Amino acid sequence: MSKATDWFVVAVNGGNFLVSVEKLAIKNVYKIFGDQPEQAMQLVREGKNKDQIFAQTGQTLGVNNASLSINEGEIFVIMGLSGSGKSTLVRLLNRLIEPTAGEIWVNGRDITKLTARQLREFRRTEISMVFQSFALMPHLTVVDNVAFGLELAGQSAKSRHEAALLALDKVGLTARANSYPDELSGGMQQRVGLARALANSSQILLMDEAFSALDPLIRTEMQDELVKLQEQDKRTIIFISHDLDEAIRIGNRIAIMQGGVVVQVGTAEEILRNPANDYVRSFFKGVDATSVLSAADIARKTQVNIIDHRGMGVHGALEQLRQNDREYGYVIRPDQRLLGIVSVDTLRRVAQSSPNPKLQDAFLPDILTISHDTHINNLYEPLAHYPYGLPVLDERGCYRGSVTRNSLLEFLHQQAAQTGTSQP
């Protein structure tokens, strides 16, 4: 499954680097529920936690000093247990709930400073929201439900109808445009809710546990649908969930909240490898690491890497393999691009068949390369069919190392020792 994030390339000191584009930034945001927020804020400054503040003031600390940077084009999942502040945080992003303190920057402007009129325009053109409840109006057809927000915005009947039909096409419901909500399944109704959010073409989509009311099979289908739509439109999606499997399945990055605090942000792989505390660790307890960690996590450069340069030839490559007692070598350019794989047998055969042998003539045919983000549980079969370690390439095609049967077995053994479980 591909997960898209928008990047641009910059050149620094002769090299290219991928840089993400920030779409939304949350800076030191607080939310106090109650009629005396300043009293509670004083206790926050004194270092009191959520429970202590409630006991002393009766005020509820919903979000505590949250800071996040969300990139353009990514699916960013915010998760936590009930009461952790995740739903409050997402409602701050379009000011359905007003922040007590802090800044929320969207497309380069602080939306906490917007007037009521500017805020309405912001919600109409730049941000949409999909709730857990479908909230469809039973007396309106599907297409009219999708177009309803555009009608409130003052669009003509023709333009809003066209926009609604386009949105329904994106979620595969064009044929049900003239149906009524009670004629649709739960999954279809949620697709209508998603289409309604897509209809105004906003580039930021907030989704508050949007799939949690669906049956497991339909929920999985909707997750796949969301990722497919993301491939097409590259929206920035902030998705609230309490389901780790869902977060791993759709999220480019995950933020975990506890007691109103953002305790850790990262990819599923990063959090699984280095959980910030026991609360985060408990979320990932029992997660099959092979379905989360990727080939890059176990790739090694301990095999023989033969740098292809003017002085390197067949005999030099053979000598490198002999000195390192290796059967295979990985031929790479100075910029780390993989050119091919050679073996002792192919090098000897080429050396004996030509007075001026060329290194590329010794390359193994039809080699298999592995993308760096391939999950470990997808490596078992290819490793069983190839005698050499599989070369791992990053998103730029550069060599990251190789995965061998031994390195995979060593990883599985380590996981079994840490979890007390057997591995395949």
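In this numbering scheme, every chain counts its residues from 1 along its sequence in written order. Totals for whole chains, interfaces and linings use every residue, but because this is a predicted model, local features are given only for residues with pLDDT of at least 70 and side-chain atom pairs only at 80 or more, for both listing and counting. Note: side-chain values were computed over all heavy atoms of the structure, leaving out hydrogens and water.

Spelled out, the test is: UniProt positions are given in the numbering used here, feature names are shortened, and annotations may be inferred rather than shown by experiment.
The protein chain goes by Quaternary amine transport ATP-binding protein in an unreviewed UniProt entry, where it is assigned to Solimicrobium silvestre. Comment text from UniProt for the protein chain, heading Subunit (unreviewed entry), reads "The complex is probably composed of two ATP-binding proteins, two transmembrane proteins and a solute-binding protein." Its UniProt record gives the protein chain a comment under Catalytic activity (unreviewed entry), which states: "a quaternary ammonium(out) + ATP + H2O = a quaternary ammonium(in) + ADP + phosphate + H(+)".

**A short note on the nonpolar core**
This is how the line gets drawn: The set of buried Ala, Val, Leu, Ile, Met, Phe, Trp, Tyr and Cys residues whose side-chain atoms join them within 4.5 Å is what this entry labels a nonpolar core. Each residue is assigned to one of three classes by its accessible area relative to the maximum for its type, calculated with a 1.4 Å probe on protein chains only: buried under 20%, partly exposed between the two thresholds, exposed over 50%. Either an automatic procedure or a domain database provided the assignment from which the domain bounds are taken. Only heavy atoms enter the contact rule, under which two residues are in contact if any of them lie within 4.5 Å.
Within the largest apolar cluster, 71 residues are counted, with the highest numbers of intra-cluster contacts made by Leu194, Met207, Ile256 and Phe284. Of the domains in this structure, domain 1 (71-289) and domain 2 (296-411) are the two that each give at least three residues to this core. The residues touching Leu194, leaving out its near neighbours within four places in the chain, are Val130, Val171, Leu205, Met207, Met222 and Leu229. Counting residues in each nonpolar core, the second largest holds 29 residues, with Leu24, Val90, Ile240 and Ala255 among its members.

**A short note on the sheet that holds strand E5 (residues 75-79)**
Quick note on the threshold: A pair of strands is labelled paired if DSSP reports no fewer than 2 bridges between them. Think of it this way: any DSSP run of H or I at least four residues long counts as a helix, any run of E at least two long counts as a strand, and we number them from the N terminus. For helices, the axis comes from a line fit to the C-alpha atoms of the stretch in contact; other axes are also lines fit to C-alpha atoms, and the angle between any two N-to-C directions lies between 0 and 180 degrees.
Overall, mixed pairing links the six strands, which are arranged E8-E9-E10-E5-E11-E12 in an open sheet. The open sheet is flanked by strand E8 (127-130) and strand E12 (261-266), the only strands paired with a single partner. Between one strand axis and the next, the sheet turns by 20° as a mean value, whatever way the strands run. Direction of pairing for E8 relative to strand E9 (residues 204-208): parallel, over a ladder of four bridges. Looking at the pairing, Ile127 lines up with Ile204 of E9. Across the sheet, helix H7 (residues 186-198) lies against E8 and E9, angled at about 170° from E8, the strand it touches most.

**A word on the environment of Leu194**
Along the chain, Leu194 falls in helix H7. The class of Leu194 is buried, set by a relative accessible area of 1%. As a C-alpha pair, Leu194 and Ala167 span 27 residues in sequence and 8.5 Å in three-dimensional space.

**Some details on the pattern of salt bridges**
Rules: Salt bridges are counted wherever a side-chain nitrogen of Lys or Arg sits within 4 Å of a carboxyl oxygen of Asp or Glu.
Across all of its chains, the model carries 14 salt bridges by this definition. Notably, a salt bridge pairs Lys228 with Glu225, separated by 3.6 Å at the nearest N-O pair. Pair noted here: Lys228 and Glu225 are both in helix H8 (residues 216-233), with a separation of three residues, about one helical turn. Owing to a relative accessible area of 8%, Glu225 belongs among the buried residues under this scheme. A salt bridge links Glu319 to Arg322; the nearest nitrogen and oxygen atoms lie 2.4 Å apart. You can see Glu319 and its partner Arg322 sitting in helix H13 (residues 314-324), three residues apart, about one turn around the helix. With relative accessibility at 31%, the residue Glu319 sits in the partly exposed group.

**Side note on the pairing of E9**
Counting buried positions over the five residues of E9 gives five, a clear majority of the element. By the alternation rule, side chains of E9 split into Ile204, Leu206 and Asp208 and Leu205 and Met207, which are all buried. Where E9 and strand E10 (residues 236-241) come together, five bridges link them in parallel fashion. By the bridge assignment, Leu206 is partnered in E10 with Ile238.

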